[in-house]
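# An overview of the molecular structure
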Amino acid sequence: MTITYEWRGDVDNESIEALHSEGFDHPPLATDWVAQLTRHSLGWVCAREEGRLVGFVNVAWDGGVHAFILDTVVARAGQRRGIGTALVAAAAEGARAAECEWLHVDFDDGLESFYFDSCGFKPTKAGLIAL
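Parameters at a glance
- Residues numbered from 1 in each chain as written.
- Predicted model: local features only at pLDDT ≥ 70, side-chain atom pairs only at ≥ 80, totals over all residues.
- Heavy atoms only, no water.
- Helix = DSSP H or I, 4+ residues; strand = E, 2+ residues; numbered from the N terminus.
- Rg over C-alpha atoms; globule rule 2.2 N^0.38 Å.
- Contact = heavy atoms within 4.5 Å.
- Areas by Shrake-Rupley, 256 points an atom, 1.4 Å probe, with all protein chains shown as cover.
- Axes fitted to C-alpha atoms, helices over the stretch in contact; angles between N-to-C directions.
- Parallel < 35°, antiparallel > 145°, perpendicular 65-115°, else oblique.
- Nonpolar A, V, L, I, M, F, W, Y, C, P; charged D, E, K, R; others polar.
- Expected span 1.5 Å × (residues − 1).
- Buried < 20%, exposed > 50% of the residue type's maximum accessible area, 1.4 Å probe, protein only.
- Polar contact = N/O pair within 3.5 Å; in protein donor to acceptor, adjacent residues only side chain to side chain.

### Here we look at the overall build of the protein chain
- The number of helices and strands found in the protein chain is four helices and five strands.
- Listing the helices and strands of the protein chain from first to last along the sequence gives β-α-α-β-β-β-α-β-α.
- Scaling as 2.2 N^0.38, a compact globule of 131 residues should have a C-alpha radius of gyration of about 14 Å, and the protein chain matches this with 14 Å.
- Dimensions of the protein chain, computed from C-alpha atoms along their principal axes, come out at roughly 40 × 30 × 30 Å.
- Pairs at least 24 residues apart make up 57% of the contacts formed inside the protein chain by residues separated by at least 6 positions.
- Surface accessibility of the protein chain: about 8300 Å² in total, with carbon and sulfur atoms responsible for 52%.

Written out as structure tokens, the structure is:
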């Protein structure tokens, strides 16, 4: 099957929430994804197979030169097929086209190989405060 990728693709709350709850293993929530994306994101990338949303990544930004990868998720049936890597590559291209100079990502330890080896991110020192 062919996967298509679209920067700032048409999305709806139900499709994103279903994918997010599957990928992050939580019950579906009443998140207004469309409002959040419209209000806070530089863009997002949708991966579709036969019209069905099978992957998603959000790209937030500071309004300047820094963009941030958030909520990278691929449906279980689509994992290990390069969809996540292609999502991140499309997100990087969208951020580059918006003249961002830096793309940041924060992730759980088990995803180091994905982000460093597959997607090309480099380790950096960073700080975090839990709020």
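### A short note on the packing of helix α1 (residues 13–23) against helix α2 (residues 33–40)
- In the contact formed by α1 and α2, the axes pass within 8 Å of each other and the chain directions differ by 95°. Judged by the angle between their axes, α1 and α2 are roughly perpendicular. Within the contact between the two elements, α1 uses Asn13, Ile16, Glu17 and His20 and α2 uses Trp33, Val34 and Leu37.
- A class-by-class count of the residues in the contact of α1 with α2 yields four nonpolar, two polar and one charged.

### Let's talk about helix α3 (residues 83–97)
- Between its first and last C-alpha atoms α3 spans 21 Å; for 15 residues at 1.5 Å apiece the expected length is 21 Å, and the two agree.
- Three or more residues of α3 are buried, namely Ile83, Gly84, Leu87, Val88, Ala91, Ala92, Gly94 and Ala95.
- Next to the buried residues of α3 lie β1 (3–7), β2 (41–49), β3 (52–61), β4 (66–74), β5 (102–105) and α4 (112–118).
- Once α3 ends, the next one or two residues include Glu99, with phi positive near 70°.

### Let's talk about unusual backbone geometry
- Unlike most non-glycine residues, Glu50 shows phi in positive territory, near 50°.
- A residue is classified by how much of its surface remains accessible, and Glu50, at 64% relative accessible area, is exposed.
- For Arg80, which is not glycine, the phi torsion reads 65° and is therefore positive.
- Along the chain, the position of Arg80 falls in the loop between β4 and α3.

### Describing the side chain of Asn58
- Here Asn58 lies in strand β3.
- The exposure class assigned to Asn58 is buried, which follows from its relative accessible area of 8%.
- A distance of 2.6 Å separates polar atoms of two side chains, one belonging to Asn58 and the other to Ser41.
- Non-local contacts of Asn58, meaning those with residues more than four positions away in its chain, are made with Leu37, Ser41, Gly43, Trp44, Phe68, Ile69, Leu70 and Asp71.

Distances and angles like these do not, on their own, reveal function.
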